[in-house]
Amino acid sequence: MTVALLLAPVGAPARADAAPGAGGSTTVPCPSVPVPRPSRPSPPRSVPAARAVGGSALATPGLVTPVGTPAPPAVTATSWLVADLDSGAVLGGCGPHEYATPASVQKLLLAATLLPRLDPGQLVTVTAGDVDIEPGSSAMGLVEGGHYPLRSIWLGLLLTSGNDAANLLARLGGGADGLPGGVRAMNEEARRLGAGQTHAVTPSGLDGPGQFTSAYDLALIARACFADPTFRRYALTERVRVPAQPALRRKGYEIQNDNQLVYRYPGALGGKTGFTDLARHTYVGAAERGGRRLVVTLLGAEVGPGPAERRGWEQGAALLDWGFALPRDASVGRLVRPGEATTAAPSAGATLAVADAARTAHTARLAGVGWWWTLPVLAVGLAGAGLLVALYARRRPLPAGDSDPG
């Protein structure tokens, strides 16, 4: 099927590395709703090999859709992608390989990495470090010294986006290296999946210097997650009780799935929501219709006036509807299989990453500054030069009807 390559999304500057359309295609903006956006961290330098993963047509900051198919709906997301979970066909996208910050959809990478390695029946003890999370960020409500079955922790991670759960899981999966080891395993898994534009600094998706992903990479990660029957069961769970902690005089309580797609979209398979001040609204969702399973990933979405009032999951649902309406052979590229792509990771100087970045992001916050926090990191520079970078992110409450702050 012929591919239409449409460049330059609304409000985006021209990109020197943008892929030209076949035969000099007309530059057409992505269907989007312009909204004011806060400043965001500078992304790493674009790596041509990473942008070409899945097909050359995907190496564009603009819209790419099969020729002759209906236009996708206008959304506020700065980048998005729709793909077939089973065949791996990419049905379309907008800036699929553009860097963006992930927020809590990063928890899917944590799940893809550690869910196959950890025994869900294991009883785990919560430490002080596990519950040391950013004030006001999402949590499942773990208590220090509490004992929980690991399956409860996974459900707290995926249903209520518990940052405390993410810390515990990363610590447990990191072995002797603790949380930094868990984050390192996440980055190794990203490389294995072919997600060469993804770099994790925190296990939860709370903003950290040099932490980026792309809509294409998220689709690779989501595909790995939905291939796991345990993940599928967790992702579709609507509510569950967190065990009581009698020794600590804490009662049990119920948590519910924050992903409204589960309740409101026929054939929903689940997914993950996310929000931080830097990332804005991020979303991954999947659904099945007529024996066809599709996944949508979107980054940098806003909730604004008019059509933009749709939440992240609603924008995802609209794109899923568009995808299901396309012919089954529609494709503009494909999701690579694990181990197939060997793309270069962003340079240390570009990503502002250091060996212990996860611990730095988790612990280096200024005390007594309310909602403000800082993540100073000394990045490895060329010829032995060091670069000290401070990233400040002020977290704030979500608009009414949204969830998952971080």
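> Tell me about the overall build of the protein chain, and name the residues and values.
A tally of regular secondary structure across the protein chain gives 11 helices and 16 strands. For the protein chain, buried positions account for 58% of its 406 residues. Taking all contacts inside the protein chain whose residues are at least 6 apart in sequence as the whole, residues at least 24 apart take part in 69%. Carbon together with sulfur atoms contributes 57% to the accessible area of the protein chain, which is approximately 15700 Å² in total.

> Can you explain unusual backbone geometry? Please cite residues and give values.
Positive phi is not limited to glycine here, since Ala 103 has a value of about 55°. When you line up the elements, Ala 103 lands in the loop between strand E4 (89-94) and helix H2 (107-114). By relative accessible area, Ala 103 is classed as buried at 0%.

> Break down the nonpolar core for me, with residues and values.
Residues Ile 153, Trp 154, Tyr 216 and Phe 231 are the most contacted members of the largest nonpolar core, which totals 66 residues. The biggest single contributor to this core is helix H6 (residues 215-226), with nine residues. If sequence neighbours within four positions are ignored, Tyr 216 has contacts with Val 53, Gly 54, Leu 58, Leu 81, Val 90, Pro 96, His 97, Arg 334, Leu 335 and Val 336. Formed by 26 residues, the second largest nonpolar core is a distinct cluster that contains Val 82, Ala 287, Trp 313 and Leu 320.

> Go over the pattern of salt bridges with me, naming the residues and quoting the values.
This structure, assessed with the given rule, holds 11 salt bridges. Between Glu 189 and Arg 192 there is a salt bridge, with its nearest N and O atoms 2.9 Å apart. With a gap of three residues between them, Glu 189 and Arg 192 both fall in helix H5 (residues 178-193), about one helical turn apart. Residue Glu 189 is classed as buried on the basis of its relative accessible area, which comes to 6%. By relative accessible area, Arg 192 is classed as partly exposed at 43%. Across the pair Glu 238 and Arg 239 runs a salt bridge whose closest N-O atoms are separated by 3.7 Å. Counted as one network, the salt bridges with shared partners bring together Glu 238, Arg 239 and Glu 254.

> With reference to specific residues and values, describe the packing of aromatic side chains.
For the structure on display, the rule yields three aromatic pairs. Between Tyr 99 and Phe 212, the aromatic rings sit 6.0 Å apart at their centres with planes inclined by 75°, giving edge-to-face as the arrangement. Here Tyr 99, found in the loop between E4 and H2, pairs with Phe 212, found in the loop between H5 and H6; they are 113 residues apart in sequence, far enough to count as distant. Taken together, a centroid distance of 5.1 Å and an interplanar angle of 85° make the contact between Phe 226 and Phe 231 edge-to-face. Each member of the pair, Phe 226 together with Phe 231, is buried.

> Please give an account of the side chain of Lys 107 that cites residues and values.
Positionally, Lys 107 belongs in helix H2. In this structure the side chain of Lys 107 is engaged in a polar contact, spanning 3.1 Å, whose partner is the side chain of Ser 161.

> Help me get a handle on the packing of H2 against helix H3 (residues 150-159), residues and values and all.
Packing of H2 against H3 brings their axes to within 10 Å, and their N-to-C directions diverge by 150°. In terms of axis orientation, H2 runs roughly antiparallel to H3. By crossing handedness, the relation of H2 to H3 is classed as left-handed. Listed contacts from H3 to Lys 107, Leu 108, Leu 110, Ala 111 and Leu 114 of H2 are Trp 154, Leu 157 and Leu 158.

> Now, about H3: what can you tell me, with residues and values included?
For H3, a buried count of nine out of 10 residues is recorded, marking the element as mostly surrounded by other parts of the structure. Buried residues of H3: Leu 150, Ser 152, Ile 153, Trp 154, Leu 155, Gly 156, Leu 157, Leu 158 and Leu 159, and no others. Two residues or fewer after H3 comes Ser 161, characterised by a positive phi angle close to 55°.

> Kindly report on the packing of H2 against H6, identifying the contributing residues and their values.
Helix-helix packing: each pair is described by the crossing angle between the helix axes and the interaxial distance. Relative to each other, H2 and H6 sit at 45°, their axes nearing to 9 Å. Considering the angle they form, H2 stands oblique to H6. By crossing handedness, the relation of H2 to H6 is classed as left-handed. Residues Leu 108, Leu 109, Ala 111 and Ala 112 of H2 touch H6, and the partners they reach there are Ile 221, Ala 224 and Cys 225. Per-class residue counts for the contact of H2 with H6 are seven nonpolar, no polar and no charged.

Parameters at a glance
- Residues numbered from 1 in each chain as written.
- Predicted model: local features only at pLDDT ≥ 70, side-chain atom pairs only at ≥ 80, totals over all residues.
- Heavy atoms only, no water.
- Helix = DSSP H or I, 4+ residues; strand = E, 2+ residues; numbered from the N terminus.
- Buried < 20%, exposed > 50% of the residue type's maximum accessible area, 1.4 Å probe, protein only.
- Contact = heavy atoms within 4.5 Å.
- Areas by Shrake-Rupley, 256 points an atom, 1.4 Å probe, with all protein chains shown as cover.
- Core = buried A, V, L, I, M, F, W, Y, C linked by side-chain atoms within 4.5 Å.
- Salt bridge = Lys/Arg side-chain N within 4 Å of Asp/Glu carboxyl O.
- Phe/Tyr/Trp six-rings, centres within 6.5 Å; stacked < 30°, edge-to-face > 60°.
- Polar contact = N/O pair within 3.5 Å; in protein donor to acceptor, adjacent residues only side chain to side chain.
- Axes fitted to C-alpha atoms, helices over the stretch in contact; angles between N-to-C directions.
- Parallel < 35°, antiparallel > 145°, perpendicular 65-115°, else oblique.
- Left-handed = near helix turned anticlockwise from the far one by under 90°.
- Nonpolar A, V, L, I, M, F, W, Y, C, P; charged D, E, K, R; others polar.

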